[in-house]
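Reading the structure
Here is how the chains run, residue by residue.
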Amino acid sequence: MATPNHPGNHDHQSKELPQVLVLEPPPIMKLHGDRFLNDFQLLKAWESPLPLDQFLSIHAQSVKALLTPGRYPLTRNILQLLPSLQLVVTTSAGLNHIDLPEFQRRGIAIASAGDVYSEDVADMAVGLLIDVLRKISAADRYVRKGLWDTKAEFPLGSKLCSKRVGIVGLGSIGQEVAKRLQAFGCRIIYTSRNKKPSVSYPYYSNVLELAADSDVLIICCGLTEQTRHMINKYVMLALGKEGVVINIGRGAIIDEKELVQCLVQRELAGAGLDVFENEPHVPRELLTMDNVVLSPHRAVRTPESLTAMCEHVKGNLEAFFSNKPLLSPVMNI
Amino acid sequence: MESIGVLMLIPMNTYLEQELQKRYNLFKLWTAPQKPQFIKEHANSIRAVVGNAGAGADAELIEALPRLEIVSSFSVGVDKIDLAKCREKGIRVTNTPDVLTEDVADLAIGLMLAVLRRLCESDRYVRSGKWKKGDYKLTTKFSGKTVGIIGLGRIGMAVAKRAEAFNCPICYYSRTEKSDTKYKYYPSVVELASNCQILVVACPLTEETQHIVNREVMNALGPKGVLINIGRGPHVDEPELVSALVEGRLGGAGLDVYEHEPEVPEELFGLENVVLLPHVGSGTVETRKVMADLVLGNLEAHFLNKPLLTPLV
């Protein structure tokens, strides 16, 4: 039960508002403040001088809902201190920060980002692909260095049309990527945990076979035990010397050391990466390569996505506290 | 065929050069220490000129080549060729339409994404080590933004088709309204610019379309608007473009072409809201080969008295 000197509780009326625990502010809160959650009483753990376990033991025993960013691992230890927890709302597109089996065991519902970010992430994937194939960032560097003269030709790029694009993970993001690239004349093939009966793209049951038939691999899946280092040396060799890898999922889906080796040894033609295994660290070999495009994990970081996420979070919390179905419940874990 | 003289104006493609060398008596103008002398010396054997977006057969050159029969351009744009003079003298002209449409349209979308999502700038951010100190700032969403196209020809339509896949509403300006399209038409470029967020130049360069994007248009596009030029440099009033960008009256630009290539206004080098490319619209291995084969095919057809593949004149 909230107490008068509880962080986040400043007036008598807020005792009636439903409580939402926030361990660390998600990006939307850092950018927009928390006025969009005025209908809730926020328990802001990070504002307390107490260590987390003490704070939770004292203040969060009856908390039913938790709002969390993607960077904060929700471990078994934290869950043990939240006996009343029924809902986690995450602002991250990925779920790898959540101990899913433990949540399932406890029967705690998870409201994901849904498809709020999907367009922006798909745009980033396509942007990175065009950049790698047509050498946009490399050419921009070339011009700004004053190297352009009509006698020496800037190296030619590679055409998008007819490229076989293998999408790894055909969820909301993967489908938005596919829809965009089809308009460029790319041929879409995919692998996913399950075949999608509603799409006509050819399905591959494993990523190695997908890579063997692809010119480009775009990683659009989440990070799980099964997908960790799924894109390994064999997959990259199968993709081939003209192959390009685009990663807008999680860094650890790709064996990063192997990726660097393949690029250094020209077993791969190029890569476009928004995510890395050990952010913000980027392997130094990549920092001087012209055939890679590097992005600092920002596929969702547009004002449009973040504003939409505020509404989405609010909508999920409202639904939960009025016993209505969540907007974006995570179903099959 | 070896005695047929072909004048190539500037280096443009190694494969094309090698093939021309094999089939004809190839004169490479850029290797000449004194160009007018070189032309005079070989004028009597030159029956074909091969140019590209950067160099074409102007009136002076045409006059200097009395035996000229055909100008074959390694480009789709022919603004560097004096078409009227060619018509007057019965000289055939060919270009390379269709084969480069997709590449140019792909690049237009690539430029839009690169400018709006700051791809080049954030790549620099990572390479310089700045990510270790903090996140890169927010960049604006591309999907759903209204795209305005100047010129709804092959390239314009291809840009529209791609932008539609990003849920972008499409509008356009053209010399005349097109009856067979669902896109919204505006009768002037200023009105088009006032009603879109991303303006793409995709029309041919003619006397009428010189500086079609001027100060008024750029002001109408505005501080959140982005200009994408995949046409020709002279479509845009370049000094006005520079001041509009520097002063913040225009939100950003993605440029593949400039008024005086390869010169690029240096004031643009320090701006993070521009992306600068060295005229690579059709610059893929695949397309340049197809373009080269089209040039070779047109020349072959001409000298065998067969119908030209892609004649303009």
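So, how was this worked out
Every chain begins its residue count from 1, and numbering advances along the sequence as written. Chains and ligands are labelled by the order in which they are written, letters from A for the one and numbers from 1 for the other. Totals for whole chains, interfaces and linings use all residues, but because this is a predicted model, local features are given only for residues with pLDDT of at least 70 and pairs of side-chain atoms are given and counted only at 80 or more. Based on all heavy atoms of the structure, the side-chain values leave hydrogens and waters out of the count. Put simply, DSSP H or I for four residues or longer makes a helix, DSSP E for two residues or longer makes a strand, and each gets a number counted from the N terminus. Radius of gyration means the value over C-alpha atoms here, while the globule rule gives 2.2 Å times the residue count to the 0.38 power. Relative accessible area decides the class of each residue, using a 1.4 Å probe on protein chains only: under 20% of the type maximum gives buried, over 50% gives exposed, and in between gives partly exposed. Any two residues whose heavy atoms approach within 4.5 Å at even a single point are treated as in contact. The Shrake-Rupley method, run with a 1.4 Å probe, gives the accessible areas here. Residue values count only the displayed protein chains as cover. Two parts lose some accessible area (1.4 Å probe) when they are put together, and adding that loss for both gives the buried area. What counts as a salt bridge is simple: a side-chain nitrogen of Lys or Arg found within 4 Å of a carboxyl oxygen of Asp or Glu. A 3.5 Å cut-off defines polar contacts: any pair of N or O atoms within that distance qualifies, except that in protein one atom must be a possible hydrogen donor and the other a possible acceptor, and neighbouring residues in sequence count only when both atoms are side-chain atoms. What makes a nonpolar core is a set of buried Ala, Val, Leu, Ile, Met, Phe, Trp, Tyr and Cys residues whose side-chain atoms join them at distances within 4.5 Å. Between any two strands, pairing holds if DSSP finds at least two bridges. Axis geometry follows a simple rule: fit a line to the C-alpha atoms, using only the stretch in contact for helices, then measure angles between N-to-C directions, giving values from 0 to 180 degrees.

**Let's talk about the overall build of chain A**
Of the regular secondary structure elements, chain A holds eleven helices and eleven strands. Taking 2.2 N^0.38 as the reference for a compact globule, 333 residues should give roughly 20 Å; the C-alpha atoms of chain A span a radius of gyration of 22 Å, in line with that estimate. Along the first, second and third principal axes, the C-alpha set of chain A runs to 75 × 45 × 35 Å. Put simply, chain A has 333 residues, and 55% of those count as buried. In chain A, of all internal contacts separated by at least 6 residues, the share reaching a separation of at least 24 is 59%. Surface exposure of chain A reaches about 14,600 Å², of which carbon and sulfur atoms provide 50%.

**Digging into the interface of chain B and chain A**
Residue-level contacts link 62 residues of chain B with 60 residues of chain A. Regarding the contact of chain B and chain A, the summed buried area is about 5,300 Å², with carbon and sulfur atoms giving 58% of it. Three residues stand out in chain B for area buried against chain A, namely Arg117, Arg127 and Trp131 of chain B, and they jointly supply 15% of the buried area on that side. Our count for the contact surface shared by chain B and chain A stands at ten salt bridges. Here Glu119 of chain A ties to Lys141 of chain B by a salt bridge, and the two come within 2.9 Å at their closest N and O atoms. One can count 37 residue pairs in polar contact (both at pLDDT 80 or more) joining chain B with chain A. Counting only elements with at least two residues in the side of chain B that touches chain A, the list comes to α5 (101-116), α6 (119-127), α7 (154-164), β12 (274-276) and α11 (285-303) of chain B. Sorting elements by how many residues they give to the side of chain B that touches chain A places α5 of chain B first, with nine residues.

**Side note on the nonpolar core**
Counting 151 residues, the largest nonpolar core has Leu181 and Ile218 of chain A together with Leu16, Leu20, Ile109 and Ile150 of chain B as its most contacted members. In terms of residue count, α5 of chain B provides more of this core than any other element does, eleven residues in total. Every residue in contact with Ile218 of chain A, bar those within four places of it in the chain, is listed here: Ala125, Leu129, Val165, Gly166, Ile167, Val168, Val177, Leu181 and Ile246 of chain A. Grouped together as the second largest cluster of nonpolar side chains are 35 residues, Val207, Ala271, Leu273 and Phe276 of chain A included.

**With respect to the sheet that holds strand β7 (residues 187-191) of chain A**
Residues and elements named next belong to chain A. One open sheet accounts for six strands, arranged β7-β6-β8-β9-β10-β11; its pairing is parallel. Of all strands in the sheet, those with a lone pairing partner are β7 and β11 (292-294), marking the two edges. Direction aside, neighbouring strands of the sheet carry axes that sit 15° apart on average. Bridge count for strand β6 (residues 164-168) against strand β8 (residues 216-219) is four bridges, and the pairing is parallel. Along β8, the bridge assignment pairs Gly166 with Leu217.

**A word on the environment of Gly240 of chain A**
All names here are of chain A. On the secondary structure map, Gly240 appears in the loop between α9 (233-239) and β9 (244-247). With 67 residues separating them in the primary sequence, Gly240 and Thr307 have C-alpha atoms 41 Å apart. With sequence-adjacent residues up to four places away left out, Gly240 is seen in contact with Glu267, Leu268 and Ala269.

**Points about the pattern of salt bridges**
Residues and elements named next belong to chain A. Applying the stated criterion to the full structure yields 38 salt bridges over all chains. The shortest N-O distance in the salt bridge between Glu267 and Lys241 comes to 3.1 Å. Taken together, the residues Glu267 in the loop between α10 (256-264) and β10 (270-273) and Lys241 in the loop between α9 and β9 connect sequence positions 26 residues apart. The network of salt bridges with common partners includes Arg76, Asp99, Glu102 and Arg105.

**Looking at the sheet that holds strand β8 (residues 184-185) of chain B**
All names here are of chain B. Spatially, β8-β7-β6-β9-β10-β11-β12 is the arrangement adopted by the seven strands of the open sheet, whose pairing is parallel. Two strands lie at the open edges of the sheet, namely β8 and β12, each paired on one side alone. Across four bridges, strand β6 (residues 147-150) lies against strand β7 (residues 170-173) in parallel orientation. Bridge pairing in β7 places Val147 opposite Ile170. Against the sheet, helix α10 (residues 238-246) makes contact with β10 (226-229), β11 (252-255) and β12, and its axis sits at roughly 140° relative to β11, the strand it touches most.

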